[in-house]
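# Close look at the chain arrangement
The lines below spell out each chain.
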Amino acid sequence: MPAAITRFKRILVTGAGGQLGHAFKRAFQNREPAHAFSGESAAFDGAQVIYSDVEGENSCNLADAGAISSLLDRIKPDLILNPGAYTAVDRAESEESLADAVNAKAPGVMARWAREHNATMIHYSTDYVFDGSGTTPWTEGSPTGPVSVYGKTKLAGEKAVLDAGTRGAIFRTSWVYSDEGHNFIKTMLRLGAERDELRVVSDQTGVPTSAHFLARMTLRALNSANAMNVMTPARVYHLVPRGELNWHQFAEEILGAARDAGKEVRAKKVTPIATADYPTPAKRPLNSRMDCSRFERTFGIELEDWHVEFEKVMAALLSR
């Protein structure tokens, strides 16, 4: 018999100012039904949700292990949702200590606290833990081999959570975007309105993942009848929507949606280029395809096509 659904009383969301943090706010507060958590919500009925970021009433510097411990001792959450991360991929090459503190050490602090206090923790990781070789979708058991400081610190964070032996899950995802914060969609819309031609890499393949999709799937997984059984202890799951494309194709989709909505797009041409033609301080994985069958099988959730949330986000952005 599956375990009964655990009701969470106090939920902590880190990185509340980021894209996924905002998505959780909408899901819990039901402010935008198009993006809100729409499944059964027994696990979260009546829960108090506390949002933490670098500023505000519950501010916390994730590079400060002592501050994290103090926040947890004060709030005493029984569920920790940890999208908070150092995500400046290129800058991490010259700020490795800071990236390591936030991406590697901080998740370990949270996970050990969760284990000691019988709490559940959901941590988010990335396709950057792989080297990006080949064309086959990565599984959770595929060999890791990050080629950037960002990827190395995120992989170290995964290990810290797994070593703690806490209850929960690590959700690896890719190409996150939303109608909040800075992301590829907003950059393409801005540049498309300013330039006659855009040059976008076409040899990096993955799938765009909406922050709203991540929030909804996380809450559905936690609300599944067998969640507490399968999450004890934590293990890694891949979590992205269905489909695949490259950045150039994604740019074409974005500008096409803008034109269809009647927006003026100055850029008449989007030229595909190789990654080698657009050098950056940090290497990017060429293959970010991810096999999500473990997530679907474990939680009984069929993942949707990436266009579903993309259309909602574009509608929100283009209506502003």
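Everything discussed here concerns the structure shown above.
If you're wondering where the values come from, they're calculated on a predicted model, not measured in any experiment.

## Quick notes on the overall build of the protein chain
Per the secondary structure count, the protein chain includes 10 helices and 12 strands. Here the C-alpha radius of gyration of the protein chain, 19 Å, is about what a compact globule of 320 residues would show, namely 20 Å. Classification of the 320 residues of the protein chain by burial places 53% in the buried group. Restricting the contact set of the protein chain to residue pairs at least 6 apart, pairs at least 24 apart contribute 82%.

## Some points on the sheet that holds strand β2 (residues 48–51)
Read across the open sheet, the 6 strands follow the order β2-β1-β3-β4-β5-β10; overall the sheet is parallel. Looking at the sheet topology across the chains shown, the edges are occupied by β2 and β10 (235–238). Looking at each pair of strands side by side, their axes are set apart by 20° on average, direction ignored. Of the pairings in the sheet, the one linking strand β1 (residues 10–13) to β2 comprises 4 bridges and is parallel in character. Across the sheet, residue Arg10 finds its bridge partner in β2, namely Gln48.

## Regarding helix α2 (residues 65–75)
Of all the positions in α2, only Ile68, Leu71, Leu72 and Ile75 are classed as buried. The arc that holds every buried residue of α2, seen down its axis, measures 95°, which confines them to one face. The N-cap residue of α2 is Asp64: its side-chain oxygen and the backbone nitrogen of Gly66 are 3.0 Å apart.

## A closer look at a negative patch on the surface
Where like charges cluster on the molecular surface, the negative patch consists of Glu252, Glu253, Asp305 and Glu311. For Asp305, the location among the structural elements is in the loop between α9 (293–299) and α10 (307–318). On the accessibility criterion, Asp305 (33% relative accessible area) is partly exposed.

## A look at the pattern of salt bridges
Under the criterion given, the structure shown has 17 salt bridges. In this structure, the salt-bridge partner of Glu116 is Arg115, at a minimum N-O distance of 3.5 Å. Residue class for Glu116 comes out exposed when judged on its relative accessible area of 55%. The shortest N-O distance in the salt bridge between Arg190 and Glu194 comes to 3.8 Å. With Arg190 and Glu194 both in helix α5 (residues 184–194) and 4 residues apart, the pair spans about one turn of that helix. For Glu194, a relative accessible area of 42% puts it in the partly exposed group.

## Things to note about the side chain of Asp179
When you line up the elements, Asp179 lands in the loop between β6 (176–177) and α5. Residue Asp179 is classed as buried on the basis of its relative accessible area of 1%. Within the local environment of Asp179, its side chain forms a polar contact with the side chain of Arg26, the two groups lying 2.9 Å apart. Discounting chain neighbours no more than four positions away, the residues touching Asp179 are Arg26, Lys186, His212, Val313, Ala316, Leu317 and Arg320.

## Some remarks on unusual backbone geometry
Along the chain, Thr232 connects to Pro233 via a cis peptide bond; the corresponding omega equals -5°. Note that Pro233 resides in the loop between α7 (227–230) and β10. Located in the positive-phi region is Lys76, a residue other than glycine, with phi close to 55°. Residue position: Lys76 is located in the loop between α2 and β3 (79–82). By relative accessible area, Lys76 is classed as exposed at 55%. Positive phi values are uncommon outside glycine, yet Asn118 reaches one of about 55°.

## Digging into the packing of aromatic side chains
The geometry of two aromatic rings is summed up by the distance between their centres and the angle between their planes. Inspection of the entire model under this criterion finds 19 aromatic pairs. Between Phe171 and Phe295, the ring centres sit 5.6 Å apart and the planes meet at 80°, which makes this aromatic pair edge-to-face. Of this pair, Phe171 sits in strand β5 (residues 167–173) while Phe295 is found in helix α9, placing the two residues 124 residues apart along the sequence. For the residue pair Phe171 and Phe295, the accessibility class agrees, reading buried in each case. Geometrically, the ring pair formed by Phe250 and Trp306 is edge-to-face, given 5.7 Å between the ring centres and 90° between the ring planes.

Rules used in this analysis
Residues numbered from 1 in each chain as written. Predicted model: local features only at pLDDT ≥ 70, side-chain atom pairs only at ≥ 80, totals over all residues. Heavy atoms only, no water. Helix = DSSP H or I, 4+ residues; strand = E, 2+ residues; numbered from the N terminus. Rg over C-alpha atoms; globule rule 2.2 N^0.38 Å. Buried < 20%, exposed > 50% of the residue type's maximum accessible area, 1.4 Å probe, protein only. Contact = heavy atoms within 4.5 Å. Pairing = 2+ DSSP bridges. Axes fitted to C-alpha atoms, helices over the stretch in contact; angles between N-to-C directions. Arc of directions from axis to C-beta. Polar contact = N/O pair within 3.5 Å; in protein donor to acceptor, adjacent residues only side chain to side chain. Patch = residues over 30% accessible without salt bridge, like charges linked within 9 Å, V, L, I, M, F, W, Y side chains within 5 Å. Areas by Shrake-Rupley, 256 points an atom, 1.4 Å probe, with all protein chains shown as cover. Salt bridge = Lys/Arg side-chain N within 4 Å of Asp/Glu carboxyl O. Lys, Arg positive; Asp, Glu negative; His and termini not counted. Charge placed at Lys NZ, Arg CZ, Asp CG, Glu CD. Phe/Tyr/Trp six-rings, centres within 6.5 Å; stacked < 30°, edge-to-face > 60°.

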